Amino acid sequence: MDHWFELRTIAAVARLGSVSAASRELQLHRATVQRHVDLMEESLGVRLFLRHARGYTATAAARNLAHVAERAQLEIEKIAWTEQNDQALVAGRVTITATSLIAQAFMPLLASRLPRLPGLSLRCLTGLGFAALEKGDVDIALRIGQKPEIPEYVVQSLGEVRFGLFGSPGYVALHGHPTDMSDFEGHIFAAPPADGPRVGPYAWMLDNIPERHLRLRSDDAQVLESVVLKGHALGPLPTHVAERAGMVAVIVEPGLWSAPIWVVTHRDAHRLARIQACLETIKAAVKDTDSMVDVPVEPIR
């Protein structure tokens, strides 16, 4: 708003009826108040006040401007009050973005807190980038891979997700159990597209497995996971998923096949109570591995 300060001055003069009274209330010099009045009249091309010996009488235009200024001030105060109370109370909506793998692990944990926090609501969106965090469309981003290096972000480590290359018992019984990279002939692998995310086992597969074997492709980790679990191909799985499903390890190289996971917030919103409540739940779940066995995150060694 180009003339917010001048607009506040017009409202004060219109309400109080004199430049002197407005200058005292606004803690401005009398000449500054007069300059604001002259500037607004010149800018709008209308007379805002009738000057006389007893003070200033507002015209209809000045009264209308004063009404606009008062409404704007009320809205500003309402926003400030809401934000201040949000910092004191866990209330409002928290929007989280994550990959489908991470979302499936953490959203049930966050949802379990909702009965104890009746003012809180959650929304999860997969596949959004950091631009959504920058614009305020997202409050928390959970990301696997390289640490974000953006000064405006608060980036916290949660640990790492560990992967292996697995096949189902049925697949291995039908197609054999490859023992090393020279034994891949005749096997089908599920992998991301060539321009997909280069994280952990995905990068290793794209760099080491010949293209002719990468016959099932998807940019969605859940699609790749389902194909491997159902026995249609070999492919990468988080180790906790593979162990639970009784999968057969084909190649396991922990040094290569682990990826750090980060929880990221914007520093301007990081301290809000609703966001802190979610962050505390996420971090507590990672630490409490005995009771939260479905969280695919382990401490970085």
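Residues numbered from 1 in each chain as written. Predicted model: local features only at pLDDT ≥ 70, side-chain atom pairs only at ≥ 80, totals over all residues. Heavy atoms only, no water.

**Q** Any details on the side chain of Gln 276? Residues and values, ideally.
**A** Within the element layout of this structure, Gln 276 appears in helix α11 (residues 273-287). A polar contact of 2.7 Å, which involves the side chain of Gln 276, links it to the backbone oxygen of His 270. Aside from chain neighbours lying at most four places away, what touches Gln 276 is His 270 and Arg 271. (Helix = DSSP H or I, 4+ residues; strand = E, 2+ residues; numbered from the N terminus. Polar contact = N/O pair within 3.5 Å; in protein donor to acceptor, adjacent residues only side chain to side chain. Contact = heavy atoms within 4.5 Å.)

**Q** So what about the pattern of salt bridges? Which residues, and what values?
**A** A side chain with one charge can pair with a side chain of the opposite charge if their charged atoms come near. Counted according to the given criterion, the structure contains seven salt bridges. Between Arg 162 and Glu 160 there is a salt bridge whose closest N-O contact spans 2.7 Å. The salt bridge involving Glu 211 is made with Arg 217; its shortest N-O contact spans 2.8 Å. Exposure remark for Glu 211: the relative accessible area of 56% places this residue in the exposed category. Three or more residues are tied together by salt bridges with common partners; here these are Asp 38, Glu 41 and Arg 51. (Salt bridge = Lys/Arg side-chain N within 4 Å of Asp/Glu carboxyl O. Buried < 20%, exposed > 50% of the residue type's maximum accessible area, 1.4 Å probe, protein only.)

**Q** Run through empty space enclosed by the protein, naming residues and quoting values.
**A** Going through the model one piece at a time under the given rule, you end up with one cavity of 30 Å³ or more. Estimates place the volume of the largest cavity at around 50 Å³. Surrounding the largest cavity, Leu 101, Phe 163, Tyr 202, Ala 221, Gln 222, Leu 224, Glu 225, Pro 236 and Pro 238 form its lining. Tallying contributions element by element places helix α9 (residues 221-229) first for the lining of the largest cavity, with four residues. (1 Å grid on protein atoms, 1.4 Å probe; cavity = no way out; pocket = protein on both sides within 12 Å on 5 of 7 lines; lining within 4 Å. Points joined across faces, edges and corners; volume = space filled by probe spheres on them.)

**Q** Can you tell me about the packing of helix α1 (residues 4-16) against helix α3 (residues 30-44), naming the residues and giving the values?
**A** At a minimum axis separation of 9 Å, α1 and α3 run at an interaxial angle of 105 degrees. Between α1 and α3, the crossing angle belongs to the class labelled roughly perpendicular. Residue-level inspection shows Phe 5, Glu 6, Leu 7, Thr 9, Ile 10 and Val 13 of α1 in contact with α3, the latter providing Val 33, His 36, Val 37, Leu 39 and Met 40. Tallied by class, the residues present in the contact of α1 with α3 amount to eight nonpolar, two polar and one charged. (Axes fitted to C-alpha atoms, helices over the stretch in contact; angles between N-to-C directions. Parallel < 35°, antiparallel > 145°, perpendicular 65-115°, else oblique. Nonpolar A, V, L, I, M, F, W, Y, C, P; charged D, E, K, R; others polar.)

**Q** Any details on the environment of Leu 39? Residues and values, ideally.
**A** If you trace the backbone, Leu 39 turns up in helix α3. Separated by 36 residues in sequence, Leu 39 and His 3 place their C-alpha atoms 9.2 Å apart. Non-local contacts of Leu 39, meaning those with residues more than four positions away in its chain, are made with His 3 and Glu 6.

**Q** Give a detailed account of the packing of helix α2 (residues 19-26) against α3, specifying residues and quantitative values.
**A** At a minimum axis distance of 8 Å, the contact between α2 and α3 shows a crossing angle of 110 degrees. Judged by the inter-axis angle, α2 sits roughly perpendicular to α3. Contacts from Val 19, Ser 20, Ala 22 and Ser 23 of α2 reach α3 at Arg 30, Val 33 and Gln 34. For the contact of α2 with α3, the class distribution of residues is three nonpolar, three polar and one charged.

**Q** Quick one: what's the story with unusual backbone geometry, residue by residue and with numbers?
**A** A positive phi is found at Gln 27, a non-glycine position, where the angle reads about 60 degrees. Tracing the backbone through its elements, the reader meets Gln 27 in the loop between α2 and α3.

**Q** Can you break down the packing of aromatic side chains residue by residue, with the values?
**A** Scanning all chains against the criterion turns up two aromatic pairs. Geometrically, the ring pair formed by Phe 49 and Tyr 56 is tilted, given 5.7 Å between the ring centres and 55 degrees between the ring planes. Residue Phe 49 shares its accessibility class with Tyr 56, and that shared class is buried. With a centroid separation of 4.8 Å and 65 degrees between ring planes, the pair formed by Phe 184 and Phe 189 is classed as edge-to-face. Pair check on accessibility: Phe 184 and Phe 189 agree, each one buried. (Phe/Tyr/Trp six-rings, centres within 6.5 Å; stacked < 30°, edge-to-face > 60°.)

**Q** Please provide a residue-by-residue account of the confidence of the model for the chain, values included.
**A** On average, residues of the chain score 82 in pLDDT, and 88% of them reach the 70 mark or higher. Confidence drops under a pLDDT of 50 for residues 289-294, and excluding neighbours within four residues, the segment shows five contacts in the predicted structure. (pLDDT = per-residue confidence, 0-100.)

**Q** Please provide a residue-by-residue account of the pairing of strand β5 (residues 140-144), values included.
**A** In terms of burial, β5 is largely enclosed, as five of its five residues are buried. Here β5 shows a buried face lined by Ile 140, Leu 142 and Ile 144 and a second buried face lined by Ala 141 and Arg 143.

**Q** Outline the nonpolar core, listing residues and values.
**A** Taken as a class, soluble globular proteins show a tendency for nonpolar side chains to be buried jointly. With 44 residues, the main nonpolar core has Ile 102, Phe 106 and Leu 142 as its most contacted residues. At the level of elements, β3 (92-98), α5 (100-111), β5, β6 (153-167), α8 (200-208), β10 (248-251), β11 (258-266) and α11 are the ones that each hand at least two residues to this core. Tallying contributions element by element places α5 first for this core, with eight residues. Grouped together as the second largest cluster of nonpolar side chains are 20 residues, Val 19, Ala 22, Phe 49 and Tyr 56 included. (Core = buried A, V, L, I, M, F, W, Y, C linked by side-chain atoms within 4.5 Å.)

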